[in-house]
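Listed here are the chains, written in short residue letters.
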Amino acid sequence: MPTDSGAVALVIAWVLSVYALVASIWGGLRKQEDLVRSAENAALAVWAFTLVATIDLIRALVSRDFNLEYVAQYSSSTLPLYYTVAALWGGQAGSLLFWLAILTSMAAVVVLQNRSQNRHLMPFVTATLMAVAVFFASLLVFVTPPFQRLTFTPGDGRDLNPLLQNYWMTIHPPSLYLGYVGCSVPFAFAMAALVTGRLDDLWIRTTRRWALFAWFFLSLGNLFGALWAYRVLGWGGYWAWDPVENAAFMPWLTATAYLHSVMIQEKKNMLKVWNMALVILTFLLTIFGTFLTRSGVISSVHSFTQSGLGPFFIAFLVFAAAVSISLLIWRLPSLRSDNEIDSMLSREAAFLVNNLVLVGMAFAVFWGTVFPVLSEAVRGVKITVGPPFFNRVNTPLGLLLLFLMGVGPLIAWRRASWSSLRRNFLWPALFGVLVGSLFLFAGTGNYYAVVSFSLCAFVLATILQEFWRGTRARQAMLGETWPVALARLTTKNRRRYGGYVVHLGIVMIFLAITGTSAFRVEQQVPVKVGESFEIGPYRLVFEKIETWETPHSAHMAAQLSVFEGGRRVDTLKPEKRFYKKPEQPATEVAIRSRLGTDLYVVFGSFDATSQTATILAYINPLVGFLEWGGVVLAIGTILAAWPQRAVRGAVAWEGESRVRVEAP
């Protein structure tokens, strides 16, 4: 049978990953380079065989091989091709295989990148990555094989979950998986540094782009998941502190903390233990998030069904935590920092507080997520922790984080003088106060929103001020026009100015969160054909009901004409859908976007007897900044991670003094 090749490839991949794990450890401990090379070649072979298995499962899905249980469970003959391919990560076994394919691909890149460098670290880097590969391959070979055949061939499949039949679900899981798995590489180098005792910042510099890569895709994965929830679930929002959402958010928080604190180690040789702990914690949180999604211990629209994988993930999590924490404790004396923080008015202190806030948020989210599970295990009663808890804890912490985002990059290293504070923060602070005052004067009663808008203005001003000063300095010294000066300023110090662009994206996301949290308008109305209702600046007229059918699904849409200022500006058609194979309904919302604000309409139900439709309508102010902020954040991350060419001297502005910056 053709799909047997995928099963055989998985078994070979498992055997080779076990060999690579053992050979790399033995070769590393015995200093046998030949054995280490052999283990690396085995890791490359693991990648090749995993790729064969993955391609074989995609082939089975696309060819509608319903004799294969996975294909029959997660696809159908009428499922569009792009969702058929996406079914690879739509089910338990397929998603684990996809995870393994990404992990082994990254391991192969690491091996090829380090054929002639980091040789003292590579045995244990390979061992760590292969240990993770052995775990996932073992699940696929012994616990939940994706190539299980049925004793009969059904005429059609059960179809993909209707909630997953959406554009954002075709890119949200791959982005999140790339982020999750990407955290394995810095973790592997950290473990290798602990084992070998090479605890300088070499492993940090080697994995800087890997850490940015993982953070980039974790960010995109979270944003894509929010946009999927916004357009599919039909409740008018995009984030509900769902346990699986939280599982993806926690490693993002700790990875963000790491990306900031690692700069202190690079500049000041401080926080070595803290950085090592953050790398370990981030990796463990990715495994914990995978456990939450796949074990069935929590209820979520994002999670897979109840399965027996939970104990295996718990065992692996405990093993990974025990080994990594033991190594960290063993090397504590060697990780002692050479320097200390001189003043609380310094960049080191600002970054440290930033880290404490991020880790505090991660802990609060973790506690709120696991508390229902713990309460059920201890008392037999599941006590739900809802959005009010998460909002109450994280809102003030988020605002503090926003403030620090404006302060951290501008305050001086070691100790800031009052004159430098006044020079760097006077105008941004005045601008922030002015914006906050305008909102208060306009009668905004939500004080959290006033503070948030004020801080957004403050941070935006600090960012613009940095670009303006740098551009002006280049114009004055090099005689460049301002577009050329701005472009060269940015491209010649990509890490710094890419970071500012990322901060700009985060400010935009804060604007979206503030606008939708504080000023959202919603109403639910029953309307008959020809009747209308008003929400915000709009009047919506219910025109008619439309129905149509495809082999895959049945559709019913409510046609609504949208009027603004007496003028017809749009026609919206929110839908109710019924997917025939799984016999499940779904909602398709209709959205009119204008200047970042959405009119969001949901078709609740229709009573044919009275010809009455129930319509849910929302005005979501500034929600468009969520998507735009994601685009800006992505541009900033790519800019910060883009390789810098060889240097020659050029003078530009750096903080409070002129310094030499790298230029091509």
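See the structure printed just above.
The sections below set out a description of the structure shown in this document. Worth saying up front: this structure is predicted, and the values here are computed from it rather than measured. (Residues numbered from 1 in each chain as written. Predicted model: local features only at pLDDT ≥ 70, side-chain atom pairs only at ≥ 80, totals over all residues. Heavy atoms only, no water.)

### What to know about the pairing of strand S5 (residues 567-572)
Move 1: Judged from the five bridges that link them, strand S4 (residues 553-564) and S5 form a sheet pairing that is antiparallel. What sits directly across from Phe 563, in S5, is Arg 568. (Pairing = 2+ DSSP bridges. Helix = DSSP H or I, 4+ residues; strand = E, 2+ residues; numbered from the N terminus.)

### What about the packing of aromatic side chains?
Move 1: Scanning the entire structure with this criterion turns up 40 aromatic pairs.
Move 2: Between Trp 210 and Phe 213, the aromatic rings sit 5.9 Å apart at their centres with planes inclined by 70 degrees, giving edge-to-face as the arrangement. Of the two residues, Trp 210 and Phe 213 are both situated in helix H9 (residues 202-232); the distance of three residues between them amounts to about one turn of the helix.
Move 3: In this structure Phe 213 comes out as partly exposed when scored by relative accessible area, which is 29%.
Move 4: A ring pair is formed by Phe 625 and Trp 628, whose centres lie 5.2 Å apart and whose planes are at 65 degrees; its orientation type is edge-to-face. Within this pair, Phe 625 and its partner Trp 628 are both found in helix H19 (residues 624-641), separated by three residues, close to a single helical turn.
Move 5: The structure contains a cluster of three or more aromatic residues connected by ring pairs, namely Trp 89, Phe 98, Trp 99, Phe 135, Phe 136, Tyr 177, Tyr 180, Phe 313 and Phe 316.
Move 6: The ring of Trp 330 carries Arg 331 above its face, with NZ or CZ at 3.9 Å from the centroid.
Move 7: A cation over an aromatic ring shows up here: Arg 539 above the ring of Phe 563, its NZ or CZ 4.9 Å from the ring centre. (Phe/Tyr/Trp six-rings, centres within 6.5 Å; stacked < 30°, edge-to-face > 60°. Buried < 20%, exposed > 50% of the residue type's maximum accessible area, 1.4 Å probe, protein only. Lys NZ or Arg CZ within 6 Å of the ring centre and 35° of its normal.)

### Regarding helix H18 (residues 494-519)
Every α-helix winds through 3.6 residues per turn, so residues three or four apart in the chain are directed the same way.
Move 1: In a regular helix each residue adds 1.5 Å, so 26 residues correspond to 38 Å; H18 covers 37 Å between its end C-alpha atoms and thus fits that length.
Move 2: Of all 26 residues in H18, 19 are buried; the element is thus mostly enclosed. (Expected span 1.5 Å × (residues − 1).)

### Details of the packing of helix H10 (residues 243-268) against helix H13 (residues 347-379)
Move 1: Where H10 meets H13, the closest approach of the two axes is 9 Å, and the angle between their N-to-C directions is 160 degrees. It follows from the interaxial angle that H10 and H13 lie roughly antiparallel. The two elements H10 and H13 cross, and the hand of that crossing is left-handed.
Move 2: When its residues are assigned to classes, the contact of H10 with H13 shows 15 nonpolar, eight polar and two charged. (Axes fitted to C-alpha atoms, helices over the stretch in contact; angles between N-to-C directions. Parallel < 35°, antiparallel > 145°, perpendicular 65-115°, else oblique. Left-handed = near helix turned anticlockwise from the far one by under 90°. Nonpolar A, V, L, I, M, F, W, Y, C, P; charged D, E, K, R; others polar.)

### Some words on the side chain of Arg 592
Move 1: Locating Arg 592 in the fold gives a position in strand S8 (residues 590-594).
Move 2: Residue Arg 592 is classed as buried on the basis of its relative accessible area, which comes to 13%.
Move 3: Aside from chain neighbours lying at most four places away, what touches Arg 592 is Tyr 538, Val 562, Glu 564, Val 569, Asp 570, Leu 572, Thr 597, Asp 598 and Leu 599. (Contact = heavy atoms within 4.5 Å.)

### Looking at the nonpolar core
Move 1: Counting 180 residues, the largest nonpolar core has Val 125, Trp 203, Tyr 258, Met 276 and Phe 313 as its most contacted members.
Move 2: No other element matches the 19 residues that H9 contributes to this core.
Move 3: With sequence-adjacent residues up to four places away left out, Val 125 is seen in contact with Val 110, Ala 188, Phe 189 and Ala 192.
Move 4: Counting 19 residues, the second largest nonpolar core, distinct from the first, contains Ile 535, Leu 540, Ala 558 and Leu 560. (Core = buried A, V, L, I, M, F, W, Y, C linked by side-chain atoms within 4.5 Å.)

### Thoughts on the pairing of strand S3 (residues 538-549)
Move 1: Pairing of strand S2 (residues 532-535) with S3, which is carried by four bridges, proceeds in the antiparallel orientation. Looking at the pairing, Ile 535 lines up with Tyr 538 of S3.
Move 2: Taken together, S2 and the strand that follows it, S3, pair antiparallel across an intervening segment of two residues, in which Gly 536 is found at a positive phi of about 55 degrees.
Move 3: Relative to S4, S3 is paired through 11 bridges, and the arrangement is antiparallel. Looking at the pairing, Trp 548 lines up with His 555 of S4.
Move 4: Linkage of S3 to S4, two consecutive antiparallel strands, is achieved through a turn of three residues.

### A word on the environment of Ala 42
Move 1: Inspection of the secondary structure assignment puts Ala 42 in helix H2 (residues 33-62).
Move 2: Overall, Ala 42 belongs to the buried group, its relative accessible area being 6%.
Move 3: With 314 residues separating them along the chain, Ala 42 and Leu 356 place their C-alpha atoms 41 Å apart.
Move 4: Once residues lying within four places of it in the same chain are set aside, the contact partners of Ala 42 are Leu 16, Tyr 19 and Ala 20.

### As for the packing of helix H7 (residues 167-182) against helix H8 (residues 184-196)
Move 1: For the pair H7 and H8, the least separation of the axes is 5 Å and the interaxial angle reads 5 degrees. Compared by their axis directions, H7 and H8 come out roughly parallel. Between H7 and H8, the contacting residues are Tyr 180, Val 181 and Gly 182 on the first element and Ser 184, Val 185 and Pro 186 on the second.
Move 2: Looking at the contact of H7 with H8 residue by residue, the class counts come to four nonpolar, two polar and no charged.

### Some thoughts on the side chain of Arg 494
Move 1: Among the structural elements, Arg 494 can be located in helix H18.
Move 2: A relative accessible area of 14% places Arg 494 in the buried class.
Move 3: Of the polar contacts made by the side chain of Arg 494, one reaches the backbone oxygen of Thr 491; its length is 2.9 Å. (Polar contact = N/O pair within 3.5 Å; in protein donor to acceptor, adjacent residues only side chain to side chain.)

### Focus: a nonpolar patch on the surface
Move 1: On the surface, a nonpolar cluster with roughly 260 Å² of combined accessible area is contributed by Trp 47, Leu 51 and Ile 55.
Move 2: Position of Ile 55 among the secondary structure elements: in helix H2. (Patch = residues over 30% accessible without salt bridge, like charges linked within 9 Å, V, L, I, M, F, W, Y side chains within 5 Å. Areas by Shrake-Rupley, 256 points an atom, 1.4 Å probe, with all protein chains shown as cover. Salt bridge = Lys/Arg side-chain N within 4 Å of Asp/Glu carboxyl O.)

### Remarks on the pattern of salt bridges
Move 1: Scanning all chains against the criterion turns up 22 salt bridges.
Move 2: The shortest N-O distance in the salt bridge between Arg 149 and Asp 65 comes to 3.1 Å. Of this pair, Arg 149 sits in the loop between helix H6 (122-143) and H7 while Asp 65 sits in the loop between H2 and helix H3 (69-74), and the two are 84 residues apart along the sequence. Asp 65 shares its class with Arg 149; the two are buried.
Move 3: Here Lys 581 and Asp 156 are joined by a salt bridge, their closest N and O atoms 3.0 Å apart. Of this pair, Lys 581 sits in the loop between strand S6 (575-579) and strand S7 (584-588) while Asp 156 sits in the loop between H6 and H7, and the two are 425 residues apart along the sequence.
Move 4: Look at Asp 156 and you get partly exposed, because its relative accessible area is 23%.
Move 5: Several salt bridges share partner residues, and in doing so they unite Glu 33, Arg 37, Glu 40, Arg 115 and Arg 119 into one network.

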